[in-house]
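Summary of the model geometry
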Amino acid sequence: MLEQLKDIIVNYVEVKKEDIKPESRFIEDLGFTSFDFMSMLGEIEDVMDVEIDQEQVVDIRTVQEAVDYLEKLA
Amino acid sequence: MNELRSTIYELLVKAQEAYGTLDAIRYKVKEAGDGGKKETKVAAKTYTQLRQDSEHFSAALNKLGEQGKHIALVGATSYSWIAGYYGIVNGGSVAVPLDANLPAEDLCELIDRADATTFLYDASKENVALMAAEKCPKLQHLIAMEEETEVPGALSMWNLIAEALQRPDFEPQPEDLAMIMFTSGTTGKSKGVMLTHRNLAENATALDMGYEPGTVLMSVLPIHHAYCLSMDILKGTSVGAVICINDSLLRVAKNIKLFEPNMILMVPLMVETLAKKLEEASLIPAPLVKIKVFGRQFHTICSGGAYLNPAYIDLFKKYGIKILQGYGMTECAPVISANSNSAFKAGSVGRCLPNCEVKIVDEEIWVKGTSVMQGYYQMPEETAQTLEDGWLKTGDLGYIDEDGFLFLTGRKKNLIITPNGENVSPEEIENRIGAHRLVQEVLVRDSEGVIEAEIFPDYEYASKKKIKDLQAQLQSVIDDYNKTAPLYKRVFKLKVRDVEFEKNTTKKIKRF
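Residues numbered from 1 in each chain as written. Chains lettered and ligands numbered in written order. Predicted model: local features only at pLDDT ≥ 70, side-chain atom pairs only at ≥ 80, totals over all residues.

1. A short note on the overall build of chain A
Assigned secondary structure in chain A consists of four helices and zero strands. Taken from N to C terminus, the helices and strands of chain A fall in the order α-α-α-α. By principal-axis analysis of the C-alpha atoms, chain A measures approximately 30 × 20 × 20 Å. A total of 74 residues make up chain A; the buried ones form 26% of that total. Pairs at least 24 residues apart make up 51% of the contacts formed inside chain A by residues separated by at least 6 positions. (Helix = DSSP H or I, 4+ residues; strand = E, 2+ residues; numbered from the N terminus. Buried ≥ 20, exposed ≤ 12 C-beta atoms within 10 Å, placed from the backbone. Contact = placed C-beta atoms within 7 Å.)

2. Considering the interface of chain A and chain B
In this complex, chain A contributes 17 residues to the contact, which on the side of chain B involves 20 residues. When residues of the side of chain A that touches chain B are assigned to their parent elements, the largest contribution, nine residues, is made by helix α2 (residues 34-48) of chain A. Of the residues contributing to the side of chain A that touches chain B, the split by class is seven nonpolar, six polar and four charged. (Nonpolar A, V, L, I, M, F, W, Y, C, P; charged D, E, K, R; others polar.)

3. Description of the environment of Asp29(A)
Residue and element names in this part refer to chain A. Relative to the helices and strands, Asp29 is located in the loop between α1 (2-9) and α2. By C-beta crowding, Asp29 is classed as partly exposed, having 18 other C-beta atoms within 10 Å. Separated by 14 residues in sequence, Asp29 and Val15 have C-alpha atoms that sit 9.8 Å apart.

4. Quick notes on the sheet that holds strand β25 (residues 439-447) of chain B
Residues and elements named next belong to chain B. If you trace the three strands from one edge of the open sheet to the other, you get β25-β26-β27, paired in mixed fashion. Both edges of this open sheet fall to β25 and β27 (491-496), since each of them pairs with a single strand only. Strand-to-strand twist in this sheet, taken as the mean axis angle between neighbours without regard to direction, amounts to 25 degrees. For strand β26 (residues 450-457) and β27, the ladder comprises five bridges, and the chain directions are parallel. (Pairing = 2+ DSSP bridges. Axes fitted to C-alpha atoms, helices over the stretch in contact; angles between N-to-C directions.)

5. Let's talk about the domain arrangement of chain B
Residues and elements named next belong to chain B. Examined at the domain level, chain B breaks down into domain 1 (42-172), domain 2 (216-416) and domain 3 (425-496). Relative to domain 2, the C-alpha centre of domain 1 lies at a distance of 28 Å. Among the residues making up the side of domain 1 that touches domain 2, the classes are represented as seven nonpolar, two polar and one charged. (Domains from an automatic or database assignment.)

6. So, helix α5 (residues 126-135) of chain B
Residue and element names in this part refer to chain B. Here α5 has its buried residues at Val128, Ala129 and Ala132. Angular distribution of buried residues about the axis of α5 spans 100 degrees; they occupy a single face of the element. Taken together, the buried residues of α5 touch β3 (70-74), α4 (104-113), β5 (116-121) and β6 (141-144). (Arc of directions from axis to C-beta.)

7. A closer look at the nonpolar core
All names here are of chain B. Ala72, Ala95, Ile111, Phe119 and Ile336 are the most contacted members of the largest nonpolar core, which totals 147 residues. Here this core takes eight residues from helix α3 (residues 79-90), the largest share from any one element. Each of domain 1 (42-172) and domain 2 (216-416) accounts for three or more of the residues forming this core. In contact with Ile336, not counting residues within four places along its chain, are Tyr327, Gly328, Met329, Cys352, Leu353, Cys356, Val358 and Val367. In this structure, Ile417, Ile429, Ile478 and Val491 belong to the second largest nonpolar core, which totals 15 residues. (Core = buried A, V, L, I, M, F, W, Y, C linked by C-beta atoms within 7 Å.)

8. Describing the packing of α2(A) against helix α10 (residues 268-280) of chain B
Between α2(A) and α10(B), the shortest axis-to-axis distance is 9 Å and the interhelical angle comes to 50 degrees. If you check the angle between α2(A) and α10(B), you find them oblique. Considering the relative orientation of α2(A) and α10(B), their crossing is right-handed. Where α2(A) approaches α10(B), its residues Phe35(A), Asp36(A) and Ser39(A) are matched on the opposing element by Leu269(B), Met270(B) and Thr273(B). (Parallel < 35°, antiparallel > 145°, perpendicular 65-115°, else oblique. Left-handed = near helix turned anticlockwise from the far one by under 90°.)

9. Thoughts on the sheet that holds strand β14 (residues 322-328) of chain B
Residues and elements named next belong to chain B. Read across the open sheet, the nine strands follow the order β2-β1-β11-β10-β12-β13-β14-β15-β16; overall the sheet is mixed. The open sheet is flanked by β2 (38-46) and β16 (351-352), the only strands paired with a single partner. Pairing of strand β15 (residues 335-338) with β16, which is carried by two bridges, proceeds in the antiparallel orientation. Across the sheet, Ser337 pairs through a bridge with Cys352, a residue of β16.

This is the structure we're talking about:
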């Protein structure tokens, strides 16, 4: 899941895949805007065929937190 | 061709008379398909249904004794929200749209400060209704936007509408108050902007943007914002547009494919993300990328709420998409100027709307005309500081060129305008963070599109408490604050100072 997420992240921000760590924070460290983040989750909905609740994801800060959330849905 | 309307009632009635059988609102519904799996379908309501539903709701509110009273409403964009809003204002009550992202305590404070006697809410805000029932003594009625609600004693908007009561013989007048809309204040306390029917209806209809009836708009911004409410909903209605409701910010791309809009109103943050999507496929010919991302039918983005880098206008032009940049503020109902198909200048925020005039006083933009608010609700001092002889002092700096186009150059007021168009008061955040014992002084500002807090810690306290990693400790202060704040008010950068901030003569921190 982490590797899959990294592949999607590099389409949204200018960062090398090897520089993305589980503890990397989307906005502070990777340079996401809040709307980049929402759009990425929308793409993940399609790729993984899951339904994500916008209100539940506003508190996700790090890559690991996103992985944990998505693993629960899958 | 647009015709000027002076009340929201007139705006809706004329639209219904002209476009009655056309779809006014389209939205997603989930229905069981073949095999029992839920499928997403598009449902629609016509202009005639919208008028009827809103008039029945006006009648129900009148029966409850709510005519002329203040009615707070909160929830995601939905047909119920829109029909409810028209029902409130066209029945002679005052709508108080609230930000669904705010914590329940803040919403209750605003319900109380606005003197609301009814609270209209959607299912996601039942917790607010329960809290408001206890904390807001002026509230007389709770009304759910759905048919059923878990909240004891609450009514259902759709059960009230189903009673199909006769609308009272009443027509709102242009100078009647229609709405109180809260906006961030520079002192940290939000201010209720009072707007009349004339303010809103004339702002929405003064400028002919060249929309044809049946133009498909997709509404993606929060509906409690003046920009969305006025330009998507009121203007959309007045020209017979089909307004499609985007159900989540996660699904903008998917919903573009579903609704096939011609136009979308956006804030710069969205333009930036979509630009990345277009550039991602830079090896494919531009017309094909445009069809893939936006569809063949898409042609215009209206951008407002915050500064947009003009480079995006050129970028989107390559893909056959026009970006029309505008400028406004809630206090001006909200549009002050806008580019249009017939009058366009890149880098400018367009010409002033025909119902208003603009002048520049010591570089500051002042506006006068029928869009300008009546004042801030129960805040005479703040009103007097902002309005002078009918002129609204915008707090923005700019100039008008020889062709009458307005250009923005900066801000006079201390307010952070985030790239998604939210106005954030630094003082509000400073007060919250500064309340922590470890923080001696704090300054909050915008830093490359995100909010930054610079802190001068109380070093004496830190040494007394034997705090070793001050940076980590202060970060946890920020984290605690962030947990209680909506996303757009969160602090994403922290700077720690060794020395006190420089002060001015009144001992206030020098901001610039």
